[in-house]
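Structural description and commentary
One letter stands for each residue in the lines below.
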Amino acid sequence: MKQATLFDDDEDTSTPIPSEPPSGERPNPDAPKVIHARDYQIDATDRIFEEWRAARSTLVVMATGLGKTVVATNVCKRVLAGEVGPGGFLFFAHRDELVKQAYDTFRAAFPGRLVEVEKASEYASPRADIVVASVQSMSQPRRIEHFAPDRFAAWCMDEAHHGVKTNATYSAVCDRFPNAKGLGLTATPDREDELALGERFDTVAFTMDILDGTNEGWLVPVGQRLERCDDLDYSAIAMDREGDFNETDLAEQLKKEKPLYALCSAAVKYSNWKGKTRATLVFASSKDHAETVCEILNRQDRKDNTGAAAVLHYKVKDQERREIIREYKRGRIRYLCNFGILGEGFDDDNTRVIVNGRPTRSRALFSQMFGRATRPLRETLPLLAMCHTAAGRREVIKASRKPGALMVDLMGLSHKLVLTMADILGGRNSEEAVAIVRDRVARADGPVDVEAELKKAEEVAAKKKKAEAELQRRSGVVVTAKTVGKNIDPFNVLDVPAGREPGYFAGKMASEPQLDLLRKFGLPDRELEGMTRHKASRLIDALMNRRRLGMCSFKVAKILRKHGYDPNMTAKLAGEVMAMLKENGWRKPV
């Protein structure tokens, strides 16, 4: 079977988007971003305020590139309007890049408000409406004491998976303002992080993962390629306390000659795939590893003109770091080799290849790495904003200069010891389907569209399960009787997988506000019995999305499914089908 791929974009396509910028260089990376309001960001904001009615704090889980900071500005606007009481708005993060980006975003969103920074030598005044802070600076006793406990009506914690209750730095800030409403923003957390986040935040207001983002046409799909390197033995690497590879042992393995050159060869190969040049981000396992990879790539560039490389790590000065990033964004640097710098707070829409020289078993770390390539080109954003359907947005991305991106990993003696994109994107799929796709990616001789392969594998698994059930039925193993008022699985009605239960929902039943909302959507009480908070959240997300897209209601979808129709149709078309069924005595026409 030929694997699906989304990296072979060398065929001519009719597109409204220019194939190259007129100047031959990329657009100015320092130009101000135009923020377009998106429906899901408005939904997330509404859900936050709904949760705040009964809870002190809530969490938003949103994949990289979906605009978490934009949600924060939407929340800030309503906070400053007095919806949760008097006071200002505090936004805090743990890295300089995140603080700077947030400050720029809030300044652009609130030109008439006083936005100030609390970080290092910068101090926010008592008059500031919005304070953007470094959590390290803000948590210092001599600084936080300048802010009265009732100074802020609400606070927002960026990269909230760092801010668990056991982290004293974050707790010092949160505990200083006991009456303020709290909001956490994070992308895909690890399962251990999820449990800890459930202790820090009372509820989860909104979730939108990378699969939602690509399906809805807001993110670029990412394929994967596992490059074989038989001299790399992951089983020889010790594990740390978090269950990930020990960094020292990992660095020792990856700086061996064969893994080193396998990594560099993969970078050159896919950065120049089919004669097209692509901006490539390399994640290294140590400072020395990053420098060596950079040196090899530059040596190759001098020989074959394959593109220049630069290196970033903790010893590179801030000014030099900013200049290197600026040159990369302008297209003058092809490969940006980094260690521990660009996993968070780095945005470049032109990045198309991620070369992973830092294999991991951490879902959060893996997602951070490939999330650097999921942003659509800035030039496509106005077109995406004008599209009112997910299919239309996906077509805009497909027709752009960046229809897809690629994650390249090194496969050692076994691909089962490291995470793959099948593990990240397959959270709603069966274990069987995920295992099938992991093996397909390992055997493939080129880039693989993991999302498409997961769909194929799930269809095969579903057909197999259906065939087995039919065989059992015919052999008399299963006997069913017709019942009155039989419970219907709403996930089957809506064709929505429930997926894995995140740790922050573990052991929690659906809240009354969730159940009330599901009743308004037409779910009867008998189908809400024993509903967990995770399942309620998934159903609400699906039902809100159906309403936004103008699709038929749950009640109508249930009738359509019962009579053998696909319920994923517009309300108008569903009305026509229902009228036809009624006229035909509630029998599907042959």
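Our subject in this report is the structure included herewith. Once a new chain begins, its residue numbering starts again from 1 and follows that chain's sequence as written. Local features in a predicted model are, by the rule used here, given only for residues with pLDDT of at least 70; side-chain atom pairs are given and counted only at 80 or more, and totals for whole chains, interfaces and linings are based on all residues. Where side-chain values are given, they derive from all heavy atoms of the structure, hydrogens and water being excluded.

Interaxial angle, 0 to 180 degrees, is taken between N-to-C directions of lines fitted to C-alpha atoms, where a helix line uses only the stretch in contact. Labels follow the DSSP assignment, with helices taken as runs of H or I lasting at least four residues and strands as runs of E lasting at least two, numbered in each case from the N terminus. It is at 10 Å that the axes of helix 20 (residues 512-520) and helix 21 (residues 533-548) come closest, and there the two elements cross at 40 degrees. What the angle tells us is that helix 20 and helix 21 run oblique. The handedness of the crossing between helix 20 and helix 21 comes out as left-handed. Across the interface between the two elements, Gln 514, Leu 517 and Leu 518 of helix 20 pack against Arg 533, Ala 536, Ser 537, Leu 539, Ile 540 and Leu 543 of helix 21. Split by residue class, the contact of helix 20 with helix 21 holds six nonpolar, two polar and one charged. Throughout this description, any angle smaller than 35 degrees is read as roughly parallel, any larger than 145 degrees as roughly antiparallel, any in the 65 to 115 degree range as roughly perpendicular, and the remainder as oblique. The sense of a crossing depends on the near helix, which, turned anticlockwise from the far helix by less than a right angle, makes the crossing left-handed and, turned clockwise, makes it right-handed. In what follows, a contact means two residues having at least one pair of non-hydrogen atoms within 4.5 Å. Each residue receives one of three labels: charged for Asp, Glu, Lys and Arg, nonpolar for Ala, Val, Leu, Ile, Met, Phe, Trp, Tyr, Cys and Pro, and polar for the others, Gly being one of them.

So, on to helix 21. Multiplying 1.5 Å by the helix residue count minus one yields the expected span of that helix. Look at helix 21: 22 Å from first C-alpha to last across 16 residues, which is about the 22 Å you get at 1.5 Å a residue. Exposure classes here rest on a 1.4 Å probe applied to the protein chains alone. A residue is buried below 20% of its type maximum, exposed above 50%, and partly exposed in between. With respect to burial, helix 21 is a largely interior element, 13 of its 16 residues being buried. Two residues or fewer past helix 21, Gly 550 is found with a positive phi of approximately 75 degrees.

Here the focus is the packing of aromatic side chains. By convention, a stacked pair of Phe, Tyr or Trp rings (six-membered ring in the case of Trp) has centres within 6.5 Å and planes under 30 degrees apart, an edge-to-face pair has planes over 60 apart, and any other such pair is tilted. The final tally for this structure, using the stated rule, is 15 aromatic pairs. Ring centres of Phe 106 and Phe 110 lie 6.3 Å apart, and the angle between their planes is 15 degrees; on these two criteria the pair is classed as stacked. Consider the rings of Trp 155 and Phe 201, whose centres lie 6.3 Å apart with planes at 55 degrees: the pair is tilted. Taken together, the residues Trp 155 in strand 5 (residues 152-157) and Phe 201 in the loop between helix 7 (191-200) and strand 7 (203-208) connect sequence positions 46 residues apart. For the pair Trp 155 and Phe 201, a shared accessibility class is recorded, and that class is buried. Aromatic ring contacts, followed pair by pair, group Phe 89, Phe 91, Phe 106 and Phe 110 into a single cluster. Remark: a charge is flagged as sitting over a ring if the NZ atom of Lys or the CZ atom of Arg is within 6 Å of the ring centre and within 35 degrees of the ring normal. Sitting over the ring of Phe 49, Arg 78 keeps its end group 4.1 Å from the ring centre.

What follows deals with the sheet that holds strand 11 (residues 335-338). The strand order across the open sheet built from six strands is 8-13-12-9-11-10, with neighbouring strands paired in parallel fashion. Only two strands of the sheet have a single partner each, and these edge strands are strand 8 (222-228) and strand 10 (309-312). Here the average twist between neighbouring strands, direction ignored, is 20 degrees. Here a strand pair is declared whenever DSSP counts at least two bridges between the two strands. Pairing of strand 9 (residues 279-283) with strand 12 (residues 351-356) involves five bridges; the strand directions are parallel. Paired with Val 282 across the bridge in strand 12 is Val 355.

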